[in-house]
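Structure at a glance
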Amino acid sequence: MKITTINSSCVPVRIDHIDTDQIIPARFLKATTREGFGDNLFRDWRYDKNNEPIADFVLNDATYSGKILVAGKNFGCGSSREHAAWAIADYGFRVVVSSFFADIFKGNALNNFILPVQVSDDFLNALFDAIEANPKTKVKVDLPTQTIEVEGTDLKASFEINDYKKMCLLNGYDDIDYIISQSEAVTAFEGKRAYAYL
């Protein structure tokens with residue numbers, strides 16, 4: 001699943017320190033495949049004890065939609081469950097924007113073709129303000145240039161990403177796909193090696 005440029009409206013969750021148990025509660029971790037986790041993304045914030053939608057939670061508000069999740073700082077803290085990334089991807093998000101990501105979550109996101117875009121606190125707050133002022137605000141995330149910008153404004157920033165993970169996202173490679181892509185180079189290298197036989 002390649003990521004190059006994502007141009008989308010956003011879903012804002014203006015809450016700091018969202019941990020992986022809030023992203024996907026532990027009681028939903030029994031499944032062994034990645035499908036269906038999006039149904040329970042932010043489950044305890046989306047639904048009450050009677051499984052009725054909580055109207056004022058943003059995922060239940062049709063005003064907001066898009067492929068970009070904008071979240072408060074320190075997103076993905078807590079336990080290391082990869083299911084949190086599965087839930088975000090299965091719901092349909094391709095990008096998560098925050099001013100800080102927990103390291104393990106960040107790695108899990110990249111491994112599941114979700115681009116974590118880390119920006120400054122000031123940029124994040126300005127982005128939240130823009131989305132809240134106009135829920136149809138479009139944000140462009142450009143992976144090749146490593147930039148994020150709010151269309152129609154001067155709000156623009158750059159972000160960092162590991163070179164290897166960037167290459168994988170641009171090509172739609174997981175780690176195994178990358179190794180396979182290098183098979184000819186590996187074969188050529190092995191063909192030049194001198195082997196000692198006992």
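The structure presented is a predicted model; accordingly, all values stated were derived computationally and were not measured.

Basis of the calculations
Residues numbered from 1 in each chain as written. Predicted model: local features only at pLDDT ≥ 70, side-chain atom pairs only at ≥ 80, totals over all residues. Heavy atoms only, no water. Helix = DSSP H or I, 4+ residues; strand = E, 2+ residues; numbered from the N terminus. Buried < 20%, exposed > 50% of the residue type's maximum accessible area, 1.4 Å probe, protein only. Contact = heavy atoms within 4.5 Å. Lys, Arg positive; Asp, Glu negative; His and termini not counted. Charge placed at Lys NZ, Arg CZ, Asp CG, Glu CD. Salt bridge = Lys/Arg side-chain N within 4 Å of Asp/Glu carboxyl O. Pairing = 2+ DSSP bridges. Axes fitted to C-alpha atoms, helices over the stretch in contact; angles between N-to-C directions. Expected span 1.5 Å × (residues − 1). Arc of directions from axis to C-beta. Polar contact = N/O pair within 3.5 Å; in protein donor to acceptor, adjacent residues only side chain to side chain.

Here we take up the overall build of the chain. Within the chain, the secondary structure is distributed over eight helices and eight strands. Each of the three principal axes of the chain carries a C-alpha extent, and together these read 70 × 45 × 25 Å. Taking all 198 residues of the chain together, the buried fraction comes to 42%. Of all intrachain contacts in the chain linking residues separated by at least 6 positions in sequence, the fraction that spans at least 24 positions is 65%. Where the 21 positive side-chain charges of the chain centre and where its 28 negative ones centre are 3 Å apart.

On to the pattern of salt bridges, then. A full pass over the atoms with the stated rule returns four salt bridges. Measuring nitrogen to oxygen at the nearest pair gives 3.1 Å for the salt bridge that ties Arg-14 to Asp-129. One end of the pair, Arg-14, is in the loop between strand E2 (10–13) and helix H1 (20–23); the other, Asp-129, is in helix H5 (residues 121–133), with 115 residues separating them in the sequence. The shortest N-O distance in the salt bridge between Asp-44 and Arg-27 comes to 2.5 Å. Taken together, the residues span a long stretch of sequence, with Asp-44 in helix H2 (residues 43–46) and Arg-27 in the loop between H1 and H2 at a distance of 17 residues. Judged by its relative accessible area of 42%, Asp-44 is partly exposed.

Alternating positions in E2 separate into two faces, Cys-10 and Pro-12 on one and Val-11 and Val-13 on the other, with burial throughout. The sheet contact formed by E2 and strand E3 (residues 68–71) spans four bridges and is parallel. Counterpart to Pro-12 in the pairing with E3 is Val-70.

Read from one edge of the open sheet, four strands run E2-E3-E4-E5, paired in parallel fashion. Two strands in the sheet have a free side with no partner beyond their single neighbour: E2 and strand E5 (115–118). Between one strand and the next, the sheet's axes are offset by a mean angle of 20 degrees, whatever the strand orientation.

Before going further, it helps to spend a moment on H5. Since there are 3.6 residues in each turn of an α-helix, residues three or four apart along the chain are aligned in direction. End to end, H5 covers 18 Å across 13 residues, agreeing with the expected 18 Å (1.5 Å per residue, within 8%). Within the sequence span of H5, burial applies to Phe-123, Leu-124, Leu-127, Phe-128 and Ile-131. Taken down its axis, H5 places every buried residue within 135 degrees of arc, on the same side. Turned more than 90 degrees from where H5 packs its buried face, Asp-122 and Ala-133 sit exposed.

A separate point is the side chain of Ser-98. Summarising the element assignment, Ser-98 is placed in strand E4 (residues 95–98). A residue is classified by how much of its surface remains accessible, and Ser-98, at 0% relative accessible area, is buried. Of note is the side chain of Ser-98, whose polar atom sits 3.1 Å from the backbone oxygen of Phe-100.

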